[in-house]
Amino acid sequence: MYCFCDLYVFQGHDKPGGGFIAGLIAAIPFMIHSMVFGYDYTTKNFRINPRLIAGLGLLLAFISGMFAVFNFEPYMTPVWVEEKLPFIGKLGSPIFFDIGVFFVVFGVVLQITFLLTEE
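Residues numbered from 1 in each chain as written. Predicted model: local features only at pLDDT ≥ 70, side-chain atom pairs only at ≥ 80, totals over all residues. Heavy atoms only, no water.

Caption draft 1: Region of the structure containing the packing of aromatic side chains. As enumerated under the stated definition, the model contains 10 aromatic pairs in all. Taking the centre distance of 5.6 Å and the plane angle of 75° together, the rings of Phe30 and Phe106 count as edge-to-face. Here the residue Phe30 occupies a position in helix α2 (residues 19-37), and Phe106 occupies one in helix α5 (residues 93-117), the gap between them amounting to 76 residues. For Phe30, a relative accessible area of 27% corresponds to the partly exposed category. Since its relative accessible area comes to 9%, Phe106 is described here as buried. With 5.5 Å between their ring centres and 50° between their planes, Phe37 and Tyr41 make a pair best called tilted. Aromatic rings pair up to connect Phe30, Tyr39, Phe46, Phe102, Phe103, Phe106 and Phe114 into one cluster. (Phe/Tyr/Trp six-rings, centres within 6.5 Å; stacked < 30°, edge-to-face > 60°. Helix = DSSP H or I, 4+ residues; strand = E, 2+ residues; numbered from the N terminus. Buried < 20%, exposed > 50% of the residue type's maximum accessible area, 1.4 Å probe, protein only.)

Here you go:
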C-alpha cells in the first residue's frame, strides 16, 4: 500500500522531513476519523494498540543505533550499504531510525487523540 507519507520518510537526514513529519501526516486521517465518528467506532476499526506501535518504534530506533556498535563504532554512527537500491537510493541505518521515529510519533499522536476523544 502506497502512502503519501512514504515520500517524507525516505528523504532522510539530508533534507527536511523524515520520520517525525511522516508520523504526523499519517496520523491526521485517524485523528479526523476519531473526532467525527468517536472513540469507540475508530478503535473498533483500528485494531492495533497505539502504545504497541510507539513501543515498536522505540525498539526499531534503538536497534538502528546498534548497527554501528556491531561494527565497533560509536552508538548511532550511520552505517551505509554500498549498493544503491531503486526508488530508495543508499540504504543505511538512518532510514531505520526515521522509520522508528515515524512509528513513535504515529503511535503517540494516536494515543493522545484517542484519550481526548474518549468519553
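Caption draft 2: Fine view of the pairing of strand β1 (residues 80-85). With 0 of 6 residues buried, β1 lies mostly on the surface of the structure. Strand direction decides the pairing type here: β1 and strand β2 (residues 89-92), joined by 3 bridges, are antiparallel. For Lys84, the partnering residue across the bridge sits in β2 and is Lys90. (Pairing = 2+ DSSP bridges.)

Caption draft 3: Looking closely at the packing of α2 against α5. Contact pair α2 / α5: the axes reach a minimum separation of 8 Å and the direction vectors enclose 25°. Comparing the axis directions of α2 and α5 gives the class roughly parallel. Crossing of α2 over α5 shows right-handed handedness. Along its contact with α2, which presents Gly19, Phe20, Ala22, Gly23, Leu24, Ala26, Ala27, Phe30, Met31, Ser34 and Met35, the element α5 presents Asp98, Val101, Phe102, Val105, Phe106, Val109, Leu110, Thr113, Phe114 and Thr117. Tallied by class, the residues present in the contact of α2 with α5 amount to 15 nonpolar, 5 polar and 1 charged. (Axes fitted to C-alpha atoms, helices over the stretch in contact; angles between N-to-C directions. Parallel < 35°, antiparallel > 145°, perpendicular 65-115°, else oblique. Left-handed = near helix turned anticlockwise from the far one by under 90°. Contact = heavy atoms within 4.5 Å. Nonpolar A, V, L, I, M, F, W, Y, C, P; charged D, E, K, R; others polar.)

Caption draft 4: Just the nonpolar core, in detail. In this structure, Ala22, Ala26, Ala27, Phe46, Ile53, Val101, Phe102, Val105, Phe106, Val109, Leu110 and Phe114 together form the largest nonpolar core, which totals 12 residues. Excluding anything up to four places from it in sequence, Val105 contacts Phe20, Gly23 and Leu24. (Core = buried A, V, L, I, M, F, W, Y, C linked by side-chain atoms within 4.5 Å.)

Caption draft 5: Structural context of the environment of Gly19. Topologically, Gly19 is positioned in helix α2. Contact partners of Gly19, with chain neighbours within four places excluded, come to Asp98, Val101 and Phe102.

Caption draft 6: Inspection of the environment of Gly55 at higher detail. Within the fold, Gly55 resides in helix α4 (residues 50-70). The spatial distance from the C-alpha of Gly55 to the C-alpha of Val104 is 6.9 Å, given a sequence separation of 49 residues.

Caption draft 7: Looking closely at the confidence of the model for the protein chain. Looking at the protein chain as a whole, its pLDDT mean stands at 84, while 86% of the residues score no less than 70. The spread of mean pLDDT over the elements of the protein chain runs between helix α1 (residues 6-9), the lowest at 52, and α4, the highest at 94. A low-confidence stretch, residues 1-6 stays under pLDDT 50, and its non-local contacts, those more than four residues away or across chains, total 7 contacts. (pLDDT = per-residue confidence, 0-100.)

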